Amino acid sequence: MNERRSSKGAFQFASMKARRTESEPLSAADRAPNLTPIAKDDLISYIPDELLSLIFLFSLPSDRPPAMVVYEAPLSLAQVCSHWRSLAHSIPELWTSVHLLLAYFRPGVLDNLSEDDDEEEDEIENRTDNLKTQSTLGESQLEDPDDDNDEEEEIEEHRLLSKEDRILAQEDISRLPFIQSWFSHTRPSDSLKHLSISDEHIISNFDSPITDFVLDLLPRVETLDLMLCRRTLPRFTEFRPRAYERLRKLRLAGDAFEPGDWAFLLYDAPHLVEFDIRALGSSVPSLSSLLNWSQLTRLAVSYFNDPQDIPSVGVLLSVLRGCPNLESLRMVVRGDGVELEGVPVGQDEEESAVITLPNFHTLELEFAYSINALFDSLSLPSLAHIQLVEDRSRKHPPVPGIPSNALFHLLSRQRSLGYHQKIQKIGFEGVYYPSSILIECLEMVPSLKHLVCLVPLPDAQRCVVEPDKWLGFDDDVLAALTPAPGSTTSATTTSTIAPSSRASLGDDIDIAATSTPPPSTLCPALETFEIQYDWILELSVNQKRSSEAMVRFLRSRSSSFQGGGLTKLKKVVLPNTWVPNSEEDVEYAEFCSLRQNLRIVLVGPSGEEGHNDVDAQDQRLGDRWLSEGYWSEAWYQA
């Protein structure tokens, strides 16, 4: 049917083209040929393959490699019709990225365990007893000693495998043809853009044929994510000539990582520029055995197994000094002025000149104590993304229960250098900041597009927080983000930081010098606004937050605000307790109307909005497991 439609369309097009080439002038009838009307349902059949190929490529997930599930592209595209399937299989770019989940059972597979498994165990035990009996007769009486020895080793190896392990091995053998067919649509010379592999859910099968097949693909891989257990991760350190010659980005998560085992990367991965490890069992300088600091563009360590390995500000600066091309840093760092086992932190490195990183754009830090010395030693003219996460767990010595000034100090530093205009995204734990300080911070980033108030780390919830002193995003901050209707001029104001808050920030920042008359709208370029407070913490300090202030804030994106307003706001993520949730609330009707043109996601005890709704995904429980195990950037998951 599709072939007939295509032929008919080609014939009509050829007829029109022939008429245009005639020397006689075209009549009105010729200029408007009488083509057979095409039904709306048939329009998609006339899309050229070139355009359809582009649509296929844009249908792939943008933030992760696709999973091998039929409800997600590219496999979903091959389910439409034979023409789409043939076209999808002819586009290698659709199949150069994938997420593979190793060492996992299909749902319901273990339900098939029956008496047959017990009979098999009995058979193995009988065969073992027979071998023991034969061994008492002496090797001279055995027909073939070598065969019996091989059989004994095989039986012993088989006994070591539990029923689940044997089923897992069968599952791997069954899945291997499907995995091979995925990559059969690519050419052997094609680079694999992104290969993600995970088996961290359960103990894996060390001798899995899937792992063997993946290892043969390594010479083609550019980006490799490995979330593997201690039985599988060493397989990727086996000697394989030119296995990592195209590798540019490596992300590792596993409890068996040893820098010495990966030292070959320094020579076998000449193009490696991004290195991301979830948990490191040694110091950061030890990574010099496998990384070329001078060409590195991203360095990320989310957790240290030993707290003594956490770098101080001085150690981190010494590493950054050797990374002139660094563009992104994600690191756990220990602040200055704290002593561990008699060693003063922050004094183990000599003071040096300011380090300039011209291409640096992303800074993500989890820190304890003060790290202002780090900001003072860096010049970051291209900084655009900031994420600051504080470790306020009850350690020895404990973190002082005072408001944080890290974000304020960093923004003030960038502003003094004239670089604050480039900052577009900020993520921080607002619960540790007085609302007056947050307002001052927002005044320094007029180009901000994405603002995220993060959930404190799980251990941080045990820290004593005085709600009367700092609450993060309360009604005062929302009021500052909400201009008065019709306001067209900037109001001259003085600094809003209370004297007590000023004292807690210290004397190293001249707040008066950083205070300027605020514009009619703070953050006029804001597009995404997220408040990801933990719901338990939210309930305990909710007395200074109201749904009325949130409705006024959302109303400010209306065009009626001639003085500005958040007209570019597209997405808002809020706790359930921040919005009207009952028809009895006066603002409920207006809130519902505001949601029609704005994407609002509500988070709370039940998760995201629509979490409990029955949708199509609930009908795909049979293969949803294939999309588990993706790399996560959450700090606490390290």
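Residues numbered from 1 in each chain as written. Predicted model: local features only at pLDDT ≥ 70, side-chain atom pairs only at ≥ 80, totals over all residues. Heavy atoms only, no water.

Here we take up the overall build of the chain. Each helix and strand in the chain was counted, giving 19 helices and 18 strands. The burial tally for the chain puts 45% of its 638 residues in the buried class. Within the chain, contacts between residues at least 6 apart in sequence are counted, and of these 77% link residues at least 24 apart. With an accessible surface of roughly 32300 Å², the chain has 51% of that area assigned to carbon and sulfur atoms. (Helix = DSSP H or I, 4+ residues; strand = E, 2+ residues; numbered from the N terminus. Buried < 20%, exposed > 50% of the residue type's maximum accessible area, 1.4 Å probe, protein only. Contact = heavy atoms within 4.5 Å. Areas by Shrake-Rupley, 256 points an atom, 1.4 Å probe, with all protein chains shown as cover.)

Geometrically, a pair of aromatic rings is defined through the distance of the ring centres and the angle of the planes. Inspection of every chain in the model, using the stated rule, returns eight aromatic pairs. Between Tyr244 and Phe264 the ring centres are 5.6 Å apart and the planes differ by 35°, which places this aromatic pair in the tilted class. On the criterion of sequence distance, the pair formed by Tyr244 in the loop between β3 (223–227) and β4 (249–253) and Phe264 in the loop between β4 and α9 (265–268) is long-range, its members being 20 residues apart. Pair check on accessibility: Tyr244 and Phe264 agree, each one buried. (Phe/Tyr/Trp six-rings, centres within 6.5 Å; stacked < 30°, edge-to-face > 60°.)

This paragraph deals with the packing of helix α3 (residues 49–58) against helix α4 (residues 82–89). Following both chains from N to C, one finds α3 and α4 inclined at 70°, their axes separated by 11 Å at the closest point. Considering the angle they form, α3 stands roughly perpendicular to α4. Contact residues: α3 offers Asp49, Leu52, Ser53 and Phe56, while α4 offers His83, Trp84, Leu87 and Ala88. (Axes fitted to C-alpha atoms, helices over the stretch in contact; angles between N-to-C directions. Parallel < 35°, antiparallel > 145°, perpendicular 65-115°, else oblique.)

Under the defined criterion, the tally for this structure stands at twelve salt bridges. Residues Arg187 and Asp190 are paired through a salt bridge, measuring 3.1 Å at the closest nitrogen-oxygen approach. On the basis of relative accessible area, Arg187 is assigned to the partly exposed category, the value being 43%. On the basis of relative accessible area, Asp190 is assigned to the buried category, the value being 12%. Between Arg235 and Glu238 there is a salt bridge; the shortest N-O distance is 2.7 Å. Overall, Glu238 belongs to the partly exposed group, its relative accessible area being 32%. Here the residues in one salt-bridge network are Asp276, Arg298, Arg330 and Glu364, joined through shared partners. (Salt bridge = Lys/Arg side-chain N within 4 Å of Asp/Glu carboxyl O.)

Moving on to the side chain of Ser404. Within the fold, Ser404 resides in the loop between β13 (385–390) and α12 (406–416). Only 2.6 Å separates the side chain of Ser404 from the side chain of Glu390, close enough to count as a polar contact. (Polar contact = N/O pair within 3.5 Å; in protein donor to acceptor, adjacent residues only side chain to side chain.)

What follows is about the packing of α12 against helix α13 (residues 435–443). Look at α12 against α13: their axes get within 10 Å of each other, and the N-to-C directions meet at 25°. In terms of orientation, α12 and α13 fall into the roughly parallel class. α12 and α13 meet at a crossing whose hand is left-handed. Judged by residue contacts, Leu407, Phe408 and Leu411 of α12 engage Ile437, Glu440 and Cys441 from α13. Partitioning the contact of α12 with α13 into residue classes produces five nonpolar, no polar and one charged. (Left-handed = near helix turned anticlockwise from the far one by under 90°. Nonpolar A, V, L, I, M, F, W, Y, C, P; charged D, E, K, R; others polar.)

Since the α-helix turns once every 3.6 residues, residues separated by three or four places project in the same direction. Buried within helix α8 (residues 209–217) we find Ile210, Thr211, Phe213, Val214, Leu215 and Leu217. The residue sitting at the N-terminus of α8 and contributing the capping side-chain oxygen is Ser208; that oxygen lies 3.2 Å from the backbone nitrogen of Ile210.

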